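# Remarks on the overall topology
Residue strings, one per chain:
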Amino acid sequence: MNLAPVVLFVYNRPKHTREALNSLSMCKYASDTKVYFFSDAPKKESAVSDVEKVRAIIRDELWRERFQDVCIIEAEHNKGLANSVISGVSQVIHEHGSVIVLEDDNRVANDYLDYMNRALEYYKDDQEIGFIGAYKAPIQIPEDYAHDVFKMGRGSSYSWATWKDRWDLVDWKVSDYQEFKHDHAMRKRFNEYGADRATMLDNQMAGRIDSWAIRFSYAMFKHGKYAILPVKTRVENIGFDGTGVHNVAADTRFLVKIDPDLKPATFEHVEVDPRIKKEFVKLFQTPFPIKVKRVLKRMKENIGGVN
């Protein structure tokens, strides 16, 4: 199996970064995997200390012992998560042809690299599949669903993998946005996998958020591509503690735990199960208290109250 490189994006959370790296280094195939670290520069003076702590962690020679190779890219100026992901993934995927992506608050299962690499190999020629997800949202899977993966028109930014030809489809400027903005039928189709998506793209284009994920999601939608997701999660997010730039501590809808008794996944060419889709879409109906907390957080950020 031709192993894909792992790209890890880090910023100012040393505890999370070390935990994510420890879990990744314990995976099968870790010693045969090249890891790229992309470390963003501090946005504010208050972030300098923690950014330096994170950089000290990724420079540790321990990781060169645990992984096949390590490449560290430290930004001199703050790019923000979206630009960091777009430029970092583009750099690596154009060299290697495929990529596995992690953020600093992702703890992974022991078979994570096995799962991701086998999935990349199995679906690489299936042009309906845009990317592989390692995260399974906390939804109920029907008891009679007899597969280890399911197909969905939307995935998660909590660890994913894709191929160069899919990544190259993304128009990061969203050149057709004005057409989309006024096309009610198209907006409705985009929202088929979550009523938040069209509004999220509106917010991105208006500069109210800074998201690579919604633009990637829009490109996959436009080109008719789906995600393959696991019935049992291979990643859990450990960042819902108020320390992240985007995560809100109170929004626990997406919290899951990795099953300690995972078995290797069997990959198949599955179709979207309407029962799973129904449960999946429900997750993206943001509760009112969460909306309030997000507004308050943005207000604090605007007056410099949050790093």
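Residues numbered from 1 in each chain as written. Predicted model: local features only at pLDDT ≥ 70, side-chain atom pairs only at ≥ 80, totals over all residues. Heavy atoms only, no water.

## Things to note about the overall build of the protein
A tally of helices and strands in the protein yields 12 helices and 10 strands. By residue count, 52% of the 307 residues in the protein fall in the buried class. Long-range pairs, those at least 24 residues apart, make up 83% of the contacts in the protein between residues at least 6 apart in sequence. (Helix = DSSP H or I, 4+ residues; strand = E, 2+ residues; numbered from the N terminus. Buried < 20%, exposed > 50% of the residue type's maximum accessible area, 1.4 Å probe, protein only. Contact = heavy atoms within 4.5 Å.)

## Brief notes about the packing of helix α1 (residues 14–25) against helix α2 (residues 48–58)
Close contact between α1 and α2 brings their axes to 9 Å; oriented N to C, the two are set at 20 degrees. Between α1 and α2, the interaxial angle falls into the category roughly parallel. Here α1 and α2 pass one another in a crossing that is right-handed. Side by side, α1 and α2 meet where P14, T17, R18 and L21 of the first sit next to D50, K53, V54, I57 and I58 of the second. When grouped by side-chain class, the residues that make up the contact of α1 with α2 number five nonpolar, one polar and three charged. (Axes fitted to C-alpha atoms, helices over the stretch in contact; angles between N-to-C directions. Parallel < 35°, antiparallel > 145°, perpendicular 65-115°, else oblique. Left-handed = near helix turned anticlockwise from the far one by under 90°. Nonpolar A, V, L, I, M, F, W, Y, C, P; charged D, E, K, R; others polar.)

## Section: the nonpolar core
Ranked by size, the top nonpolar core spans 76 residues in total, and within it L24, V89, I100, Y112, Y123 and I132 carry the most contacts. If you tally residues by element for this core, the top one is helix α5 (residues 112–123), at seven residues. Those residues in contact with Y123 that lie beyond four places of it in its chain are I129, I132, V149, W163, R166, I228, F267, E268 and H269. (Core = buried A, V, L, I, M, F, W, Y, C linked by side-chain atoms within 4.5 Å.)

## Quick notes on the side chain of D196
Following the sequence through the fold, D196 ends up in the loop between α8 (184–190) and α9 (197–205). Within polar-contact distance, the side chain of D196 engages the side chain of R154 at 2.8 Å. (Polar contact = N/O pair within 3.5 Å; in protein donor to acceptor, adjacent residues only side chain to side chain.)

## A look at the pattern of salt bridges
A complete count under the given rule lists 25 salt bridges for this structure. We note a salt bridge from E271 to K151, for which the minimum N-O separation is 3.3 Å. Of the two residues, E271 sits in the loop between β10 (235–237) and α11 (274–282) while K151 sits in strand β7 (residues 149–152), which places them 120 residues apart along the sequence. Salt-bridge contacts for K257 lead to E236; the nearest nitrogen and oxygen are separated by 3.6 Å. One end of the pair, K257, is in the loop between β10 and α11; the other, E236, is in strand β10, with 21 residues separating them in the sequence. In this structure E236 comes out as buried when scored by relative accessible area, which is 5%. Residues participating in the shared-partner salt-bridge network are E19, R107, E236 and K257. (Salt bridge = Lys/Arg side-chain N within 4 Å of Asp/Glu carboxyl O.)

## A closer look at the environment of A134
Take A134: it is sitting in the loop between β6 (129–133) and β7. Under the relative-accessibility criterion, A134 is labelled buried at 0%. Linking A134 and A161, residues 27 residues apart in sequence, is a C-alpha distance of 8.3 Å. If we ignore the near neighbours within four places in the chain, the residues touching A134 are Y112, Y115, M116, S159, P230, T233, R234 and V235.

## Overview of the packing of α9 against helix α10 (residues 213–222)
Close contact between α9 and α10 brings their axes to 10 Å; oriented N to C, the two are set at 125 degrees. In terms of orientation, α9 lies oblique with respect to α10. Crossing of α9 over α10 shows left-handed handedness. Where α9 abuts α10, its residues R197, M200, L201 and Q204 lie against I214, R215, S217, Y218 and F221. Of the residues belonging to the contact of α9 with α10, the class tally is five nonpolar, two polar and two charged.

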